[in-house]
Amino acid sequence: MLTVAMQLTQPVFAQSSVDKTAPRVKTLNGMLEGVDVSGIRAFKGVPFAAPPIGKMRWRAPQPVLNWAGVRKADQFGPRAMQRPVFGDMNFRSNGMSEDCLYLNVWTPAQSFTEKLPVLVYFYGGGFIAGDGSEPRYDGESMSRKGIVAITVNYRLNIFGFFAHPELTRESPHHASGNYGLLDQAAALKWVQQNIAAFGGDPKKITIAGESAGSYSVSALMASPLSRDIIAGAIGESGSLLGGNAVVPLAQAEKLGSQFGDSTGSKTLNDLRAIPADQLLQYTAKPSLSRFPVTVDGYLFPVVPKTIFAEGKQSKVPLLVGWNSEENNFRSILGKEKSTTENYTSAVQKMYKDDAAEVLKAYHPESDGEVEQVATALAGDRFIGFSTWKFADIHNKTSGKPVYRYYYARPRPQMRAEMGNAVAGLAGGIIRDNSTTAAPKPPPNTGASHSAEIEYAMGNLPTNRVYDWQPEDYIVSEIMQAFFANFIKTGNPNGLGVPTWPAINNDKVNVMHIDVETKAALEKNRQRYLLMEKLLGKN
């Protein structure tokens, strides 16, 4: 295997003798041939670990085997095994397979000497769905800002987070579960070792992600396997630092044993012998559909929240925030009318003896304010609190700047040609194939979960579902500039964008991103302190 020093002596972006426009890059494992898209060189479907198939199912990712000759890198690799739980996800991947550990690189560099900043983006989807080929994550637009942009695939659901006593016993680290996160750590290591050949700087790697991708960012910052590779971090909606997002290994092993019993498998070999499609279908049962992140003693020596509290995480600048409508008020009120009486009753049922404190913190003055307040409570319960905790604890223990945002731009209406369809969480649509026209959903009153991704990555034109307005492009230009500035310098500030102050002890300025984007002091800290108190009682 070539050393990094030897690799840097190799010609980079050499042209194919067959196709004069096809760029080539020599990685540590062999030569890749990508495509040139108007000056941006894209390398898709690049393997960063060996295929996790057969006996490699439920094992930590292993190194890629070297290849001879030139490997084509002109199409996305297969996406990870997943059920279609989000009907609006849009994939460009080459099918679906357990053989899914591939990444994609977009670079504007002309040679390896440029040392450009690097963005590694992890997709969302609740650790049960998603793919690096989704157009909303496409790296071309960010690459045109002078950044080497990368998306990474990782194992999901039963394939990515399954723990079992037999797996723990066979592991050299006495650990099981967390394979999807181990994939991410392996991808980061690959990037560190190879990105110079693409014109990137291995010392300027910023990681980012939304939802499960943001959970992943907090995980990679906490893990001793990856935290020293990271130069900056962006978390969009979520972290492992709130609630019970991580469970002890023994608890995860118990869930794994129950899953094995439900399939009639008596041994780990029996489970490994089950075809991937059949194994995936077992997870369609609600009781068997989720596999938690685990304190495995390897990826996480202790609970990630403890690692952050002790200041042992990546001590790097952090840009983090969440959206104004992460969850809908209906998750609080159900089908009841939006009245203060119904809201009070719902909170009392939900919080029982603690309801009075919650109603004081989340208090509508009139029926007209109920939906707004219930939406805030629903969003904080879902993901707002864990994201707040991410910012708060990193600010206290890292010694590095933390920039917090609140994203509030609602998506516009869908384009007329979408017909009988409703908007989905992943930025696309869910078709209604019934003969009765689907009722048109009411306009969004806030920014729903995942709504910011296309704006932040500069990818509004790739999503033809929504009728983007000039104001949307203004918001996108500002948000992408914030992200690009941060990736380059660790600071989102720069020419043409509003001034964004970092958190200064308890003085928390929050950048409100909307048509009128501006910073304002935080007003709701007491809400999150209350949530932390209530979680501590459980």
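Data block above holds the structure.
Criteria and cut-off values
Residues numbered from 1 in each chain as written. Predicted model: local features only at pLDDT ≥ 70, side-chain atom pairs only at ≥ 80, totals over all residues. Heavy atoms only, no water. Pairing = 2+ DSSP bridges. Helix = DSSP H or I, 4+ residues; strand = E, 2+ residues; numbered from the N terminus. Axes fitted to C-alpha atoms, helices over the stretch in contact; angles between N-to-C directions. Contact = heavy atoms within 4.5 Å. Buried < 20%, exposed > 50% of the residue type's maximum accessible area, 1.4 Å probe, protein only. Bend = angle between axes of the 7 residues up to and from the residue. Polar contact = N/O pair within 3.5 Å; in protein donor to acceptor, adjacent residues only side chain to side chain. Salt bridge = Lys/Arg side-chain N within 4 Å of Asp/Glu carboxyl O. Parallel < 35°, antiparallel > 145°, perpendicular 65-115°, else oblique. Nonpolar A, V, L, I, M, F, W, Y, C, P; charged D, E, K, R; others polar. Phe/Tyr/Trp six-rings, centres within 6.5 Å; stacked < 30°, edge-to-face > 60°.

Draft legend 1. Focus on the sheet that holds strand 9 (residues 148-152). Taken together, the 11 strands give an open sheet; going across it, the order is 4-5-7-9-8-10-11-14-15-18-19, and neighbouring strands pair in mixed fashion. Each edge of the sheet is formed by a strand with only one pairing partner; in this case those strands are strand 4 (35-37) and strand 19 (518-521). Strand-to-strand twist across the sheet, computed as the mean angle between neighbouring axes with direction ignored, equals 25°. As defined by bridge partners, strand 15 (residues 402-407) adjoins strand 18 (residues 509-513) across four bridges and the pair is classed as parallel. Across the sheet, Tyr406 pairs through a bridge with His512, a residue of strand 18. Contacts from helix 6 (residues 212-222) reach strand 8 (116-122), strand 10 (200-210) and strand 11 (232-236), with the element oriented near 135° to strand 10.

Draft legend 2. Representation of unusual backbone geometry. Of note, the phi angle at His174 is positive, near 55°, even though the residue is not glycine. In this fold, His174 is placed in the loop between helix 4 (165-170) and helix 5 (179-194). Residue His174 is classed as exposed on the basis of its relative accessible area, which comes to 52%. Here Asn505, not a glycine, exhibits a phi torsion of approximately 55°, which is positive. The topology assignment puts Asn505 in the loop between helix 16 (470-489) and strand 18. According to the relative accessible area criterion, Asn505 is exposed, its value standing at 60%.

Draft legend 3. Molecular detail of the environment of Val475. On the secondary structure map, Val475 appears in helix 16. By relative accessible area, Val475 is classed as buried at 1%. Separated by 20 residues in the primary sequence, Val475 and Tyr455 have C-alpha atoms spaced 6.9 Å apart. Beyond its immediate chain neighbours, meaning those up to four positions away, Val475 contacts Tyr407, Arg409, Tyr455, Ile513, Asp514 and Val515.

Draft legend 4. Main features of the environment of Ala484. Along the chain, the position of Ala484 falls in helix 16. Accessibility expressed as a relative area gives 4% for Ala484, which makes it buried. Setting aside residues no more than four positions away along its own chain, Ala484 makes contact with Met142, Lys145 and Ile147.

Draft legend 5. Local environment of helix 14 (residues 370-397). The largest bend in helix 14 is about 65°, located at Asp380. Of all the 28 residues making up helix 14, 22 are buried; the element is thus mostly covered by neighbouring parts of the structure.

Draft legend 6. Structural detail: the side chain of Ser93. On the secondary structure map, Ser93 appears in the loop between strand 6 (70-72) and strand 7 (102-107). For Ser93, the side chain forms a polar contact with the side chain of Arg79, separated by 2.7 Å. Excluding its chain neighbours within four sequence positions, the residues that come into contact with Ser93 are Phe76, Gly77, Pro78, Arg79, Asp131 and Ser133.

Draft legend 7. Main features of the pattern of salt bridges. Scanning the entire structure with this criterion turns up 18 salt bridges. Two residues, Arg92 and Asp138, come together in a salt bridge whose shortest N-O distance is 2.8 Å. Linking Arg92 in the loop between strand 6 and strand 7 with Asp138 in the loop between strand 8 and helix 2 (140-143), this pair joins segments that are 46 residues apart in sequence. Residue Arg92 is classed as partly exposed on the basis of its relative accessible area of 33%. Looking at Asp138, the relative accessible area reads 8%, which means it is buried. In this structure, Asp392 and Lys396 form a salt bridge, with 3.1 Å as the shortest nitrogen-oxygen distance. Taken together, the residues Asp392 and Lys396, both in helix 14 and four residues apart, mark about one turn of the helix. By relative accessible area, which is 53% here, Lys396 ends up exposed.

Draft legend 8. Summary view of the packing of helix 14 against helix 17 (residues 525-537). Running from amino to carboxyl end, helix 14 crosses helix 17 at an angle of 95°, the nearest separation of the two axes being 9 Å. By the angle between their directions, the pair helix 14 and helix 17 is classed as roughly perpendicular. Here helix 14 contributes Ala376, Leu377, Asp380, Arg381, Phe385, Trp388, Lys389, Asp392 and Lys396 to the contact with helix 17, which in turn contributes Arg525, Arg527, Tyr528, Leu529, Met531, Glu532 and Leu535. Taken together, the residues of the contact of helix 14 with helix 17 sort by class into eight nonpolar, no polar and eight charged.

Draft legend 9. Structural context of the packing of aromatic side chains. For the structure on display, the rule yields 22 aromatic pairs. Plain terms: the ring middles of Phe162 and Phe259 are 5.8 Å apart, the flat faces sit at 70° to each other, and that makes the pair edge-to-face. With Phe162 in the loop between helix 3 (157-161) and helix 4 and Phe259 in helix 7 (residues 249-262), the pair connects residues that are 97 residues apart, well separated along the chain. One exposure class covers both Phe162 and Phe259, and it is buried.

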